[in-house]
There are 2 protein chains.
Amino acid sequence: MAAEGRAQGEAAESVAAELRELGLAVEVHPTDGAPVVFAERRVPGAPTVLFYNHYDVQPADPLEAWTADPFTLDERDGKLFGRGATDDKGQLASRVVALEWLKRRHGGELPVGVVFVVEGEEEVGSPNMAPYVTAMRDRLRADACVWEFGGVDAHDRPHLVSGLKGIATVDLSVRTADYDQHSGLGPVVQNAVWLMAAAVASLRDAEGRVLIDGFYDRVRPATEREAHYVAVAPREDDVVARQIGVERFLAGATGSEWQRRLQLEPVVNVNGLHGGYGGPGMKTVLPASATAKLDFRLVPDQDPEEVVGLLRAHLDRHGFGAVETRLAERPEHPSRVDPDHPWVRHAAAALEEAYGTPAIVTISSGGSGPLSPFVDELGVPVIMIGVGYAEGRAHAPDENVRWSDVERGTYATVRTIERWAGLTPDG
Amino acid sequence: MAAEGRAQGEAAESVAAELRELGLAVEVHPTDGAPVVFAERRVPGAPTVLFYNHYDVQPADPLEAWTADPFTLDERDGKLFGRGATDDKGQLASRVVALEWLKRRHGGELPVGVVFVVEGEEEVGSPNMAPYVTAMRDRLRADACVWEFGGVDAHDRPHLVSGLKGIATVDLSVRTADYDQHSGLGPVVQNAVWLMAAAVASLRDAEGRVLIDGFYDRVRPATEREAHYVAVAPREDDVVARQIGVERFLAGATGSEWQRRLQLEPVVNVNGLHGGYGGPGMKTVLPASATAKLDFRLVPDQDPEEVVGLLRAHLDRHGFGAVETRLAERPEHPSRVDPDHPWVRHAAAALEEAYGTPAIVTISSGGSGPLSPFVDELGVPVIMIGVGYAEGRAHAPDENVRWSDVERGTYATVRTIERWAGLTPDG
């Protein structure tokens, strides 16, 4: 997994072998971090489809919360369980199967040009992807791009996502004394855990509104078309609430307001906070240090580096000057594709055909990724479709994918590519 | 250690053997928790001194912060290092040596009656001590009591402590979803770590003032004599600041205001807060649960149970109803002995003799213990003297005691007992 930098070489080699099997010319490119698996097969006269995926996964902890070993694929109840089942090994496997399927449907040869970029640092913010795309600009030429994730919503309706939030991840740390003290000193010695808790608490209110001065200044208002797609997005909150065990969402959001928040609202998350004693029983200690991890999910035209600067100013202004901030990884800029782009519409039509129900256009995922270099540097339209579903537990224990989604999602990818290439099935 | 319930039987047996060696009749009394070592030898016509000590220690974590193994006594630089070196194995050993010393000075026999109560749950709030004292009331009759700790301050002046704060320890926990979520859901799903951080932050301000309604209502104003002893207490903050690496104390307190806060101000401490990812790198997770541990240090006439009720009301009133509270251990009530009690004055005179400098009367330690049953139920005057010092690192890594303090502190105990018994040295 990328956070711990383990098994990167093995995972890259395994992906390279799969892509070679498909008949692509594969190169494994070193970067400053994990290697990128690059694969290519151009087809003269046909358009080229670029696939962006990643072979890294999130850490599997807490291990005890998994029903079975996270690193052994476990099939039960029509699902496949394992770390990466949906994010992103399952999606990548679906792309490979879709291309094998296309070969069978079109005389044993790929009917379109294909380029793969499979990186190994997506889960830690793709710090080397922007420079990679710049350096590889000419070899990444393509007519459309299929992004690393996608799938159906809580009502099993296919979604077509055309934007991602930006992200900035920040490590916080504070030290208030050389070593932990007896908590009897509490009336005179500052408590590092209290100070960190207060700093983190100060960043937002109870409904998720960010309280950092200037945070919302650069948020670009939604266009009329964007607002339209958000307004007509079907309700998902009710099903999600049951699936994840939440009684009330932030600000009581439901329906299209829930969609608006998820797609268009930036947010700050605390990914973890740790300090002092956490074992069994009690320990009357006054902790001298504490750490926390944050991620900011940003929307156009917020600038990640600027937001981190605003965070620093906020902490200094509110009495948290002792809390140190460190950018954890290279940030990613938010980016969106025009949801009315013709290639996006082709994909939507393919989804409707595969699923028998209209595709739902999602202006932006709540998640992030290195979309900006592809959209803003290569200028390629990017769509996000795939085999995921609402209970896929990406980043959590018992991550999984359903066989039924694998089948339909893979077929939808086949049909999307055929529509892009102007091909008819079995032709 | 008491928090983890380990090695209690062995520790009790080891203490029992030491006390038998001294010629006392030893009994190991079971309780609902760890056993109490009771030892007794009455001397007809002589006063009886009661010793209260404990054989349990704090957990040793973080282990990596220790210079050497915490459970192997390590002697270096004129100090003895190890978990319990000062709290409380070193103090207990000093009491035993003082009694051996008294025997040598008085014809091979103990010149006073002696009773020991050595418990095994002091570090988890002595949940079984109050009922034990009640049940053993008749057998614990004594004229004065030497408490489990004491020593010199940051300027090496002997202190004589005559009061303790009360304590209530509370476990907090919160769950906001069935399992951790991808942090892209941040704009709609509450973050358990943020919620816990905000709850903990809301309990006090940046200078340690408790913000729970009604918290200070029962705080009894200091008497004129108590205020006097606090006002004349010599400055310690400057040396403590250097020793523990603190630049500024809460509210900028120095001098007698620092002493007043430490001795007379109640406080809430967060002993630890944990939730979400804390490993290497980053993990963009939205944590579904978090835990924290609190201790309240209370002064007369605050009532621990009432304070826990005020905490619950505070959380409910401020939007933290989802944060569950659980009393970790039976609370201890605050208690003080009259600093002008004749037996306290005898002890002060003995300290001055042993150290060559006047004893400093401390109205209350910042710490806690089961003092109330002894003072308020047995009605025995209790003093706190011993072999500790300001850099003893009680409850922290590299806990230690200095040989020089062991020698002088033990001698001071010998002289205190001789003065109480109206004996002259070598008589």
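Let's shift gears to the overall build of chain A. A count of helical and extended segments in chain A gives eleven helices and 19 strands. What you see for chain A is a C-alpha radius of gyration of 23 Å, in line with the 22 Å of a compact globule of 427 residues. Taking as baseline every contact in chain A between residues at least 6 positions apart, the subset at least 24 positions apart corresponds to 79%. With the model as given, the accessible surface of chain A reaches about 15200 Å², and the carbon-plus-sulfur share is 49%.

Moving on, we come to the domain arrangement of chain A. Residues and elements named next belong to chain A. Along its sequence, chain A is carved into domain 1 (2-164 + 335-420) and domain 2 (166-227 + 262-327). Using only C-alpha atoms to locate each centre, domain 1 and domain 2 end up separated by 32 Å. Counting residues at the interface gives twelve residues for domain 1 and ten residues for domain 2. Note on domain 1 versus domain 2: buried area summed over both sides is about 1000 Å², and carbon and sulfur give 45% of it. The largest contributions to the domain 1 side of the interface with domain 2 come from R336, I363 and S368, which together make up 51% of the buried area. At the junction of domain 1 and domain 2, the tally comes to two salt bridges. The closest approach of N and O atoms between D340 and R225, which form a salt bridge, is 2.7 Å. Connecting domain 1 to domain 2 are six residue pairs in polar contact (both at pLDDT 80 or more). Taken together, the residues of the side of domain 1 that touches domain 2 break down into two nonpolar, seven polar and three charged.

This part is about the interface of chain B and chain A. Taken together, the contact pairs 77 residues of chain B with 77 residues of chain A. Of the roughly 6900 Å² buried where chain B meets chain A, counting both sides, 59% is carbon and sulfur surface. When residues of chain B are sorted by the area they lose upon contact with chain A, Y179, W194 and M282 of chain B head the list and together hold 12% of the total. The interface formed by chain B and chain A contains two salt bridges. Residue D61 of chain B pairs with K283 of chain A through a salt bridge whose shortest N-O separation is 3.5 Å. Counting only elements with at least two residues in the side of chain B that touches chain A, the list comes to β10 (166-175), β11 (181-182), α4 (192-201), α6 (237-244), α7 (255-264), β12 (267-276), β13 (285-286) and β14 (289-298) of chain B. Looking at the side of chain B that touches chain A, the element that brings in the most residues is β12 of chain B, giving nine residues. Classifying every residue of the side of chain B that touches chain A by side-chain character gives 34 nonpolar, 26 polar and 17 charged.

With that out of the way, let us pick up the sheet that holds strand β5 (residues 79-81) of chain A. Residues and elements named next belong to chain A. Across the sheet, which stays open at both edges, the three strands sit in the order β4-β5-β19 with antiparallel pairing between neighbours. Looking at which strands have only one partner, the edges of the open sheet turn out to be β4 (74-76) and β19 (400-402). For this sheet, the mean angle separating the axes of adjacent strands, direction not counted, is 20°. Sheet topology places β5 next to β19; three bridges connect them, and they run antiparallel. When the bridges of β19 are listed, L80 appears paired with V401. Packed on one face of the sheet, helix α11 (residues 403-420) meets β4, β5 and β19 and runs near 65° to β19.

Okay, unusual backbone geometry next. Cis peptide bonds are those with omega within 30 degrees of zero, and the linkage from P300 of chain A to D301 of chain A qualifies with 0°. Looking at where D301 of chain A falls in the secondary structure, it is placed in the loop between β14 (289-298) and α8 (304-317). For the bond from D61 of chain B to P62 of chain B, the omega torsion is 0°, close enough to zero to count as cis. Following the sequence through the fold, P62 of chain B ends up in the loop between β3 (48-54) and β4 (74-76). Phi angles above zero are rare outside glycine, and D156 of chain A is one such case at about 65°. Positionally, D156 of chain A belongs in the loop between β7 (144-146) and β8 (159-161). Despite not being glycine, S126 of chain B shows a phi value in the positive range, around 45°. Mapped onto the secondary structure, S126 of chain B falls in the loop between β6 (113-119) and α3 (129-135). By relative accessible area, S126 of chain B is classed as buried at 4%.

Moving on, we get to the relation of the copies chain B and chain A. With an RMSD of 0.0 Å, chain B superimposes on chain A once it is rotated by 180° and translated 0.0 Å along the axis. Both copies of the chain, as the preceding transformation shows, are related through a two-fold rotation axis. Both copies contact each other with a shared surface, as 100% of the interface residues of chain B are interface residues in chain A too.

Glancing now at the packing of aromatic side chains. How two aromatic rings sit relative to each other is set out by the distance from centre to centre and by the angle between their planes. Under the definition given, this model contains 18 aromatic pairs over all chains. Centre to centre, the rings of W101 of chain B and Y411 of chain B are 5.7 Å apart; their planes meet at 45°, and the pair counts as tilted. Separated by 310 residues along the polypeptide, W101 of chain B in helix α2 (residues 89-105) and Y411 of chain B in helix α11 (residues 403-420) bring together distant segments of the chain. Pairing F215 of chain B with F296 of chain B gives two aromatic rings, centres 6.0 Å apart and planes at 40°, and the pair type is tilted. Remark: F296 of chain B occurs in strand β14 and F215 of chain B occurs in the loop between α4 and α5 (224-232); sequence separation between them is 81 residues. The rings of Y52, W147 and F374 of chain A are connected pair by pair, giving a single aromatic cluster. The aromatic ring of Y179 of chain B is capped on one face by R393 of chain A, whose charged end is 3.5 Å from the ring centroid. Over the ring of W194 of chain A we find R204 of chain B, and its NZ or CZ is 4.9 Å from the ring centre.

For the rest of this paragraph, the subject is the pattern of salt bridges. Side-chain pairing between opposite charges can occur once the charged atoms of the two side chains come close. Overall, the coordinates contain 58 salt bridges over all chains when judged by the stated rule. A salt bridge links D295 of chain A to R297 of chain A; the nearest nitrogen and oxygen atoms lie 3.6 Å apart. When the shortest N-O distance is used, the salt bridge between D213 of chain B and R317 of chain B registers 3.4 Å. Separated by 104 residues along the polypeptide, D213 of chain B in the loop between α4 and α5 and R317 of chain B in helix α8 (residues 304-317) bring together distant segments of the chain. The class for D213 of chain B is partly exposed, based on a relative accessible area of 48%. Accessibility expressed as a relative area gives 46% for R317 of chain B, which makes it partly exposed. Connected via shared salt-bridge partners are R105, E353, R415, E418 and R419 of chain A.

The next thing to look at is α11 of chain A. Along an α-helix, residues three or four positions apart point the same way, because every turn accommodates 3.6 residues. All names here are of chain A. Given a rise of 1.5 Å per residue, 18 residues ought to cover 26 Å, and the 26 Å separating the end C-alpha atoms of α11 matches this to within 8%. Residues of α11 that are buried: D405, V406, G409, T410, A412, T413, V414, R415, T416, I417, E418 and W420. Looking at the buried residues of α11, the elements they touch are β3 (48-54), α2 (89-105), β7, α9 (342-355), β18 (382-383) and β19.

Residues and elements named next belong to chain A. By the element assignment, D171 lies in strand β10 (residues 166-175). Among the polar contacts listed, one links the side chain of D171 to the side chain of K293, at a separation of 3.4 Å. Of note is the side chain of D171, whose polar atom sits 2.7 Å from the side chain of R326. With residues up to four places along the chain from it excluded, the contact list for D171 reads A292, K293, E324, T325, R326 and A328.

Moving on, we get to the pairing of β10 of chain A. All names here are of chain A. With eight of ten residues buried, β10 lies mostly within the body of the structure. In this sheet, β14 lies alongside β10 in antiparallel orientation, the contact comprising ten bridges. In the strand pairing of β14, R175 is matched with S289. With four bridges connecting them, β10 and strand β15 (residues 324-327) associate as antiparallel partners. Pairing of L172 across the sheet is with T325, part of β15.

Rules of the game
- Residues numbered from 1 in each chain as written.
- Chains lettered and ligands numbered in written order.
- Predicted model: local features only at pLDDT ≥ 70, side-chain atom pairs only at ≥ 80, totals over all residues.
- Heavy atoms only, no water.
- Helix = DSSP H or I, 4+ residues; strand = E, 2+ residues; numbered from the N terminus.
- Rg over C-alpha atoms; globule rule 2.2 N^0.38 Å.
- Contact = heavy atoms within 4.5 Å.
- Areas by Shrake-Rupley, 256 points an atom, 1.4 Å probe, with all protein chains shown as cover.
- Domains from an automatic or database assignment.
- Buried area = accessible area lost by both parts, 1.4 Å probe.
- Salt bridge = Lys/Arg side-chain N within 4 Å of Asp/Glu carboxyl O.
- Polar contact = N/O pair within 3.5 Å; in protein donor to acceptor, adjacent residues only side chain to side chain.
- Nonpolar A, V, L, I, M, F, W, Y, C, P; charged D, E, K, R; others polar.
- Pairing = 2+ DSSP bridges.
- Axes fitted to C-alpha atoms, helices over the stretch in contact; angles between N-to-C directions.
- Buried < 20%, exposed > 50% of the residue type's maximum accessible area, 1.4 Å probe, protein only.
- Least-squares fit on C-alpha atoms with pLDDT ≥ 70 in both.
- Phe/Tyr/Trp six-rings, centres within 6.5 Å; stacked < 30°, edge-to-face > 60°.
- Lys NZ or Arg CZ within 6 Å of the ring centre and 35° of its normal.
- Expected span 1.5 Å × (residues − 1).

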